[in-house]
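So you can see what is in the structure, the chains are spelled out below.
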Amino acid sequence: MIHVFAMNRQYFAVDVNSGSIHLVHRVVFDILKVFSEKFPGCAEVINYFGSRYPVSLLEDACNDIQQLISAATLYAPELSWEKIQGKLEENNSLKALCLHVAHDCNLRCSYCFAGTGDYHSGRGLMSSETAVKAVQFLIDHSGERQNIEVDFFGGEPLLNFETVKQTVLYGRDAEMKTDKQIHFTVTTNGTLLDEAKQKFINEYMDNVVISIDGRKEVHDAMRSGMNGEGSYDRIVPDALSLIQNRKDKEYYIRGTYTAENLDFSNDVLHMADLGFQEISIEPAVGKIGRGAIGREHLAAIFAEYERLAALYLERLARGNPFHFYHFKLNLFQGPCIYKRISACGAGFEYLAVAPDGVIYPCHQFVGHPEFALGNLETGLTNLALMERFKHSNVLTKEQCRTCWAKFYCSGGCHANSYFTNGDLDHPDELTCEMQRKRIECAIMVETVQKLAQDSVASS
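Since this is a predicted model, take the numbers as computed values, not measurements.

K.L.:
Where do I start with the packing of aromatic side chains in this structure?
P.N.:
Given two aromatic rings, one states the distance between the centres and the angle between the planes to describe the pair. In the structure shown here, the tally under the stated rule is 25 aromatic pairs. When the ring of Y312 is compared with that of F322, the centres are 5.2 Å apart and the planes differ by 90 degrees; the resulting orientation is edge-to-face. Here F322 lies in the loop between α11 (298–317) and β12 (323–324) and Y312 lies in helix α11, a separation of 10 residues in the sequence. For the pair F365 and F419, a centre-to-centre distance of 5.5 Å together with 40 degrees between the ring planes defines the contact as tilted. Linking F365 in the loop between β14 (358–360) and β15 (374–375) with F419 in helix α16 (residues 414–421), this pair joins segments that are 54 residues apart in sequence. Residue F365 is classed as buried on the basis of its relative accessible area, which comes to 0%. Grouping aromatic residues by their ring pairs yields a cluster made of F365, F371, F389, Y418 and F419. Positioned above the aromatic ring of F161 is the side chain of K197, whose terminal nitrogen or guanidinium carbon lies 5.4 Å from the ring centre.

As structure tokens, then:
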């Protein structure tokens, strides 16, 4: 399977199954666009394109294509589920937990999937005993994995900061008694980042994710407090203070755009101009009410992603770069094929724990009792549902099997599929289309950067 696209006055050909990406001439682009499933041979190509291009040019293009086919970087054979199923079945250990330490929030974001932080199941905080038990559960069920992960989530997790602190300190102590390394992350709305919390986070947290939607007017329109007032002025100074003192530790500014700010590249640039260098912004998808993105918005969104990609490269060339999460696509040393197929591992590698200790496939399924997998007391008991998640991947989803982007998006988000279409195996096509455009932009960006690096290295 071949996917071709044009961007930035360049022509790209992606061989889906080998993962090869080729920067090609317009003639090769046109040929592969027509014959994306199978190369018919030079005679048929000349017959099809003979009125458009000189025969000699078509023969040269066909020779180039044949060389790539011989090198197994074009029209590579499909992967089969049977060939890799056994390897995936071996993966029965836990890698990560999302701890819902607070089912409460001090903001009332208009697109919140969690029912203003309570997950439609009542407000409450996780006790430190439950959180510590969850970390020990992760250690006990991580098998031979040395590196494991814990994400403090909400609601707003800093409403329960003492539990966060005690849990991290327990984890750091446990590291010294085991062969495990725990990667701690906190995801916060940034409203409670006082000096003490900043100091603790920078000392003990491996990563911090702060929610900022961009320009003040955009952010405040969507992320207001319970009194209706915007939160931008409360968040930005403390967020800047925190990241300026993180040195080389990870962080992300994570934004959301809606139909009300389809010029979201301006929000990304605004955050970069503030001094944030690690930025992500994603569409508000699903049934969110105000600002919901529909098919009528796709043309504008596609154009905006291409604009952002061009601006991204422009700033890089000027020596004023920032990192945009969705353009950081490792084309040369990316994840192994098993990770490309199984994605985040929700439901078997990655689980979420509610304040009452009930375990769910991921943070977005919390509060939906039909997705409960067990609890910290009894352990994992709904093994059939875990198997259901394990066997939901790009090689078992009908839509994904025929999608060129399957090994980049890994089948998308199970929760988004379920809550839009009522089926784990039926991805939301609207979300897929936006994801595919982001991937095209990332391929273009990474290719341009690689060419620039190679040019410098050879000069």
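What follows picks up the thread again.
K.L.:
I tried to follow the sheet that holds strand β1 (residues 2–7) on my own but got confused; where do I start?
P.N.:
Adjacent strands of a sheet form backbone hydrogen bonds with each other and so pair up, either parallel or antiparallel. What the three strands build is an open sheet, ordered β1-β2-β3; its pairing is antiparallel. The sheet terminates laterally at β1 and β3 (21–24), the two strands that pair on one side only. Adjacent strand axes in the sheet meet at a mean angle of 25 degrees when their direction is disregarded.

K.L.:
I'm lost on the nonpolar core in this one. Help?
P.N.:
Among soluble globular proteins, nonpolar side chains are generally buried collectively. Counting 110 residues, the largest nonpolar core has L99, F152 and F276 as the members making the most contacts within it. The residues touching F152, leaving out its near neighbours within four places in the chain, are L99, V101, P157, V164, T167, V168, F184, T185, V186, T187 and M205. One finds F29, F39, V45 and Y53 within the second-largest nonpolar core, a separate group that totals 20 residues.

K.L.:
I would appreciate a short explanation of the pattern of salt bridges in the present structure.
P.N.:
When the charged atoms of two side chains with opposite charge come close together, those side chains can pair. All chains considered together, the criterion is met by 27 salt bridges. Here E149 makes a salt bridge to K95, at a shortest N to O gap of 3.9 Å. Separated by 54 residues along the polypeptide, E149 in strand β7 (residues 147–153) and K95 in the loop between α4 (81–89) and β4 (96–100) bring together distant segments of the chain. Accessibility expressed as a relative area gives 25% for K95, which makes it partly exposed. For E377, the salt bridge goes to K133, with nearest N and O atoms at 2.5 Å. With E377 in the loop between β15 and β16 (379–380) and K133 in helix α5 (residues 128–140), the pair connects residues that are 244 residues apart, well separated along the chain. One continuous salt-bridge network, built from bridges that share partners, spans R26, D30 and R52.

About the criteria used
Residues numbered from 1 in each chain as written. Predicted model: local features only at pLDDT ≥ 70, side-chain atom pairs only at ≥ 80, totals over all residues. Heavy atoms only, no water. Phe/Tyr/Trp six-rings, centres within 6.5 Å; stacked < 30°, edge-to-face > 60°. Helix = DSSP H or I, 4+ residues; strand = E, 2+ residues; numbered from the N terminus. Buried < 20%, exposed > 50% of the residue type's maximum accessible area, 1.4 Å probe, protein only. Lys NZ or Arg CZ within 6 Å of the ring centre and 35° of its normal. Pairing = 2+ DSSP bridges. Axes fitted to C-alpha atoms, helices over the stretch in contact; angles between N-to-C directions. Core = buried A, V, L, I, M, F, W, Y, C linked by side-chain atoms within 4.5 Å. Contact = heavy atoms within 4.5 Å. Salt bridge = Lys/Arg side-chain N within 4 Å of Asp/Glu carboxyl O.

Worth remembering: the numbers are spatial, not functional.
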